[in-house]
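# Breakdown of the fold
Letter by letter, the chains look like this.
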Amino acid sequence: MDNSISALSPLQLSGLLNILPDALIAIDKTGAIVLSNNQADLLFGYTHEEMMQMHVDMLLPERFRQAHARHRHGYFQAPQARSMGTGLKLYGLHKDMTEFSIDISLRPVEVDEVITTIAAIRDMSNISLLYDRVEVLTKLIQDKTIVPVLTLSRRVESMEQRMDTYDAKIQDMQIKLTEVSDATKANHIILSDIQENM
């Protein structure tokens, strides 16, 4: 264990957790929450007093609780710093019962000769939403659902280019007609002068 952390009292550890930007909770091997910081309380929507009376499994959707209990038991057999659920989508459960995507990193610490685990929890809702949108777009492209839209877009672009070409030709013709009109007027003036002098 890291001696600098092992030497901390629960009060010192609690103070340290509250100055860090991530949501942090500390749990014992039974899954009881023994410490939480302000960010964790806000993230899950509970008061600090409520968090300190909770079991960590209550912060997870019910469908994950049984498996989580097994994983927690296995983790405390050989605790080590690591990410939780690598490659899996993890979800937290807010007090209002809404689920949100999270990322969790674990680190065991010894406080007052008791091994606890600190879980750093990050809200991944926005990143998860972005990944979901990328997946949908990728699937549309793979299924060729989006191809007709892209083809139509290319056709419209091609038509716009042709229209630009036609516009340029029309402007050219207008310039030539103006030149012809100017020449006709000049010829008319000259003819008028000739007639007057006859």
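Residues numbered from 1 in each chain as written. Predicted model: local features only at pLDDT ≥ 70, side-chain atom pairs only at ≥ 80, totals over all residues. Heavy atoms only, no water.

Turning our eyes to something else, we now look at the overall build of the chain. Within the chain one finds seven helices and six strands. Listing each helix as α and each strand as β along the chain from the N terminus yields α-α-β-β-α-α-α-β-β-β-β-α-α. When contacts within the chain are restricted to residue pairs at least 6 apart in sequence, those whose partners lie at least 24 apart make up 46%. (Helix = DSSP H or I, 4+ residues; strand = E, 2+ residues; numbered from the N terminus. Contact = heavy atoms within 4.5 Å.)

A rise of 1.5 Å per residue sets the reference length of helix H5 (residues 62-77), with its 16 residues, at 22 Å; its end C-alpha atoms lie 24 Å apart and thus fit the reference within 8%. Where H5 bends most, the angle comes to about 30°, and this point is His68. Looking at H5, one finds that the buried residues are Arg65, His68, Arg72, Tyr75 and Phe76. Buried residues in H5 make contact with strand E1 (23-27), strand E3 (82-83), strand E4 (90-93), strand E5 (99-111) and strand E6 (114-123). (Expected span 1.5 Å × (residues − 1). Bend = angle between axes of the 7 residues up to and from the residue. Buried < 20%, exposed > 50% of the residue type's maximum accessible area, 1.4 Å probe, protein only.)

To continue, consider the confidence of the model for the chain. Parts of the model with low pLDDT should not have their predicted coordinates read in detail. Taken residue by residue, the chain gives an average pLDDT of 78. The fraction at 70 or more is 62%. By mean pLDDT, the top-scoring element of the chain is helix H4 (residues 48-51) (96), and the lowest-scoring one is helix H1 (residues 3-6) (45). Predicted confidence for residues 1-5 stays below pLDDT 50, and this span has nine contacts to residues more than four positions away or in other chains. (pLDDT = per-residue confidence, 0-100.)

You will see that Met97, though not glycine, has its phi angle at about 75°, which is positive. Here Met97 shows up in the loop between E4 and E5. When its relative accessible area of 58% is taken as the criterion, Met97 is described as exposed.

Glancing now at the nonpolar core. Counting residues in each nonpolar core, the largest one holds 22 residues, and the members touching the most others are Ile25, Phe44, Met51, Leu59, Ile104 and Ile121. Elements that contribute at least two residues to this core include exactly E1, helix H3 (38-44), H5, E5 and E6. Tallying contributions element by element places E5 first for this core, with four residues. With residues near it in sequence (within four places) discarded, Met51 still touches Ile25, Ile33, Ser36, Ala40, Asp41, Phe44, Tyr46 and Leu59. Judged by nonpolar contacts, the second largest core, of nine residues, contains Leu13, Leu35, Val111 and Ile118. (Core = buried A, V, L, I, M, F, W, Y, C linked by side-chain atoms within 4.5 Å.)

This part takes up the pattern of salt bridges. Following the criterion strictly, the structure yields four salt bridges and no others. Of the charged contacts, one joins Arg122 and Asp22 as a salt bridge, the two residues approaching to 3.0 Å between their closest N and O atoms. Of this pair, Arg122 sits in strand E6 while Asp22 is found in the loop between helix H2 (10-19) and E1, placing the two residues 100 residues apart along the sequence. You can call Asp22 partly exposed: its relative accessible area is 23%. For the salt bridge of Glu99 with Arg63, the shortest nitrogen-to-oxygen distance reads 2.7 Å. (Salt bridge = Lys/Arg side-chain N within 4 Å of Asp/Glu carboxyl O.)

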